[in-house]
Amino acid sequence: MLKWTLLLLPLVGAGLAFRGQRRFYVTQYLFFIRFQILEALALAAFPLVAPRAAPEMLANLFVVEPIGMVVATMVGTLCAWSIVYTARLTWRSTPFRAGLPFRRVGSEDANEHAPRPSAREQGEREFADARWSPERWGWLLASLLLVLPLFVQLIRESDAGVGALTVAGLGGVLLAALIRQLSLRRSDRPARMLRWLGAHLERLPLLGRLIHVVAAAYRDAPAAHAETYRSLHERAFLFGATAGATYVGIGLTSLGIGTDWVPALVYVLAWFLVVVWILGFLAFQFDKTRIPGVPLAAAGVLIWQGLIPSHYEYRVLEQPLPDVDATEALHARQHASGSMVLFAAHGGGIKASLWTAQVAQGLESEIPGFSDRVGLVSGVSGGAVGATYYVDAFEPGAIDSVRLAGVRDAAATSSLAATTWGLVYLDFLRLAVGSGLNPRDRGWALERRWAEHLQSGERTLGEWTEGVRAGWRPVMIYNVTLQETGSRLLLAPVRVSPDLRGTRRDLFQYLPGRDLRVVTAARLSATFPWVSPQSRPALGADTLIPRLHSADGGYFDNSGVLSALEVAGRWLATDTARGVTRVALVEAQASGARVAVEQATADRGDLVNALIGPIRTLYNVRTTSQLARRESDAGLVARLWQDAYGVELCRFVFALTEGLPLSWHLTAQERRRIEAHWPASADTLAPTDTSTARVRAENRAQIEALRSYLTGEPCPASDTTGDGGG
């Protein structure tokens with residue numbers, strides 16, 4: 001229904017415009033307010049289309065608490081009123097600026113015997129008569145048609161009560177009305193201040209000339225209407241300044257971290273509010289001269305970006321990592337029982353982060369001493385974030401039970417607001433200053449948010465090396481993909497021997513003599529497309545080190561299994577691993593091919609599918625091909641280890657099948673749905689459907705199989721080379 005409505009609305013609008021063209025200059029006037037029309041459509045359609053077009057990425061953008069509802073509706077209402085006000089001002093100015101009245105002179109309903117006014121006289125009459133402008137119905141249209149979809153979508157998607165959200169939304173509208181009234185009130189004092197400021201600024205050489213050129217566009221009205229015309233534009237300037245102050249004020253509430261009461265949507269709306277005024281200003285300035293102002297401004301930005309450095313960069317610490325080899329570290333973690341656990345944390349956004357923490361914490365509860373057997377953790381994308389909190393909980397002697405209890409809460413903490421803040425403020429400012437803000441960008445803001453839940457946000461991989469060398473902390477590998485080569489980059493606190501074919505590098509080879517913060521390594525592994533920027537290391541211009549861009553580790557292998565098997569296999573080939581007889585490969589699988597098959601639906605063969613079909617196929621093949629390769633590699637490695645080293649490899653896959661958001665925000669209900677897949681939740685959380693119940697039973701079977709395996713029982717035949725519970 002929504003799709004057909006969106007298709008029919010432009011056709012209906014075109015029909016009405018064509019019908020009115022006989023008596024009025026409809027299409028000409030619509031052209032002058034084209035940006036306002038597009039902005040109105042975007043504001044009204046975005047809340048309706050976005051959650052349906054990209055539910056995994058954008059659905060949770062509209063989840064707010066009551067205080068967030070107040071701010072969101074306030075800024076949304078200001079956006080709507082700004083659109084209508086700039087449209088109204090442009091409409092009323094067109095008779096003077098373009099010499100074109102809205103009503104055709106001598107139209108068919110005019111009195112044949114009355115003298116026909118000139119175009120200029122008709123324009124002056126329309127300017128004096130407000131019924132020819134959208135003034136009377138503009139504010140009502142903005143509040144009802146433009147803000148209503150946003151209002152409804154916020155209530156529909158949020159967990160808070162409908163009553164509380166409705167009251168909060170109405171409060172936001174009233175607050176916006178108060179701001180509008182203060183900025184547009186009829187008062188001579190603000191006007192006199194503007195005129196005084198403009199008169200003094202015009203005395204400056206370059207700035208004065210620019211102000212003179214800009215001000216010339218607002219001197220089109222004849223003397224009889226000059227005062228009214230100037231007053232309208234002075235009030236518009238004050239309204240625009242208020243919009244800019246709102247944008248800056250909201251941005252200052254976060255300072256790069258993000259707050260719990262300002263949702264990500266508010267930052268998007270604040271940015272949109274500024275864009276409305278920027279586009280309105282450019283169109284008003286250039287339309288009179290028939291110069292396309294917006295394309296000209298866009299070209300100017302592109303040229304400027306080409307003249308100044310504008311690479312995204314991440315901070316590198318000028319200090320060497322302690323030179324410890326992975327084989328030495330794994331030997332130090334060797335368990336007296338002769339068994340070792342390799343933990344692979346699959347990618348998948350915040351759901352993978354929470355599921356990784358759930359599996360790690362749950363296995364420690366179900367199998368006491370489980371964490372003591374974990375020798376290596378290989379994390380990818382969102383799974384690497386959850387694994388970071390898990391590895392950070394290790395302390396000399398034993399894992400910190402208090403910190404382990406908080407791992408799930410840390411892994412489920414929303415960072416969507418911090419990322420959005422970095423996008424609409426830091427990255428928006430980069431259009432003007434380029435790399436001058438480095439390393440401050442949306443990736444930096446994401447790191448700041450994650451660092452809040454670590455023992456020390458400044459902790460580096462080198463600081464982890466001492467615990468790894470001593471044997472009380474497992475080896476942590478962050479899987480990253482290099483954009484320019486497509487090869488893997490393994491960020492770890494130890495030396496990982498690089499592949500002689502050049503398909504794998506470690507930190508010692510990639511950035512010799514340098515170190516990284518733990519949260520930076522996690523962010524590079526979790527460089528989700530467009531959510532985080534693909535960044536390069538911040539090195540001096542005279543360095544000989546290739547500054548390649550880091551992309552999400554899931555491009556190459558979204559499971560982390562390949563890196564875990566390679567590093568462990570190199571250790572097993574040494575004499576230090578002679579006491580190991582069995583290895584358990586534990587996988588926290590937040591997504592996979594089975595999920596895609598169960599949730600796949602057959603789309604109709606329409607034009608959109610024909611256009612995006614190849615891209616969609618390419619994306620889906622990545623998942624299924626990685627699964628096939630993982631199954632094959634695990635089987636081959638299991639046979640190799642058994643034949644060459646006498647070591648048994650057994651896989652245990654703990655699956656999550658819910659198609660939950662990939663963005664960095666989870667609602668309370670979505671978190672419960674994820675945790676419901678863990679067997680320990682059976683007493684408090686009923687299955688949401690038969691699929692969840694089945695997967696939870698499979699995960700219970702995997703726990704029992706892992707418990708038996710670690711106590712000396714043989715590996716179940718189906719798990720040696722199969723997919724376990726996944």
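Residues numbered from 1 in each chain as written. Predicted model: local features only at pLDDT ≥ 70, side-chain atom pairs only at ≥ 80, totals over all residues. Heavy atoms only, no water.

Peer 1: Please clarify how the packing of aromatic side chains should be interpreted in this entry.
Peer 2: To describe a pair of aromatic rings, one takes the distance between the centres and the angle between the planes. Within the structure shown, the criterion is met by 15 aromatic pairs. Judged by centre distance (6.2 Å) and plane angle (85°), the ring pair of Trp 271 and Phe 428 falls under edge-to-face. Residue Trp 271 is found in helix 12 (residues 264–286), and its partner Phe 428 is found in helix 20 (residues 416–433); the two are separated by 157 residues along the sequence. For Phe 428, a relative accessible area of 27% puts it in the partly exposed group. Members of the aromatic cluster, joined through ring pairs, are Tyr 247, Tyr 267, Trp 421 and Tyr 425. The ring centre of Tyr 312 lies 4.0 Å from the NZ or CZ of Arg 430, which sits over that ring. (Phe/Tyr/Trp six-rings, centres within 6.5 Å; stacked < 30°, edge-to-face > 60°. Helix = DSSP H or I, 4+ residues; strand = E, 2+ residues; numbered from the N terminus. Buried < 20%, exposed > 50% of the residue type's maximum accessible area, 1.4 Å probe, protein only. Lys NZ or Arg CZ within 6 Å of the ring centre and 35° of its normal.)

Peer 1: How do you make sense of the pairing of strand 10 (residues 648–655) when you look at a structure like this?
Peer 2: Consecutive side chains along a regular strand alternate between the two faces of the sheet. Strand 10 sits mainly inside the fold: 7 of its 8 residues count as buried. Where strand 9 (residues 582–589) lies against strand 10, 8 bridges are found, and the strand directions are parallel. Across the sheet, Val 583 pairs through a bridge with Leu 649, a residue of strand 10. (Pairing = 2+ DSSP bridges.)

Peer 1: Looking at this structure, I do not really get the pairing of strand 4 (residues 475–482). What am I missing?
Peer 2: With 8 of 8 residues buried, strand 4 is to be regarded as a mostly interior element. Neither face of strand 4 is open: one carries Val 475, Ile 477, Asn 479 and Thr 481, the other Met 476, Tyr 478, Val 480 and Leu 482, and all of them are buried. When strand 3 (residues 374–380) meets strand 4, the two strands line up parallel, connected through 5 bridges. Bridge pairing in strand 4 links Val 377 to Met 476. Two elements, strand 4 and strand 5 (residues 488–491), share 4 bridges in a ladder whose sense is antiparallel. Within strand 5, the residue paired with Asn 479 across the bridge is Leu 490. Hairpin connection between strand 4 and strand 5: a loop of 5 residues separates the two successive antiparallel strands, and Gly 486 in this loop has a positive phi of roughly 75°.

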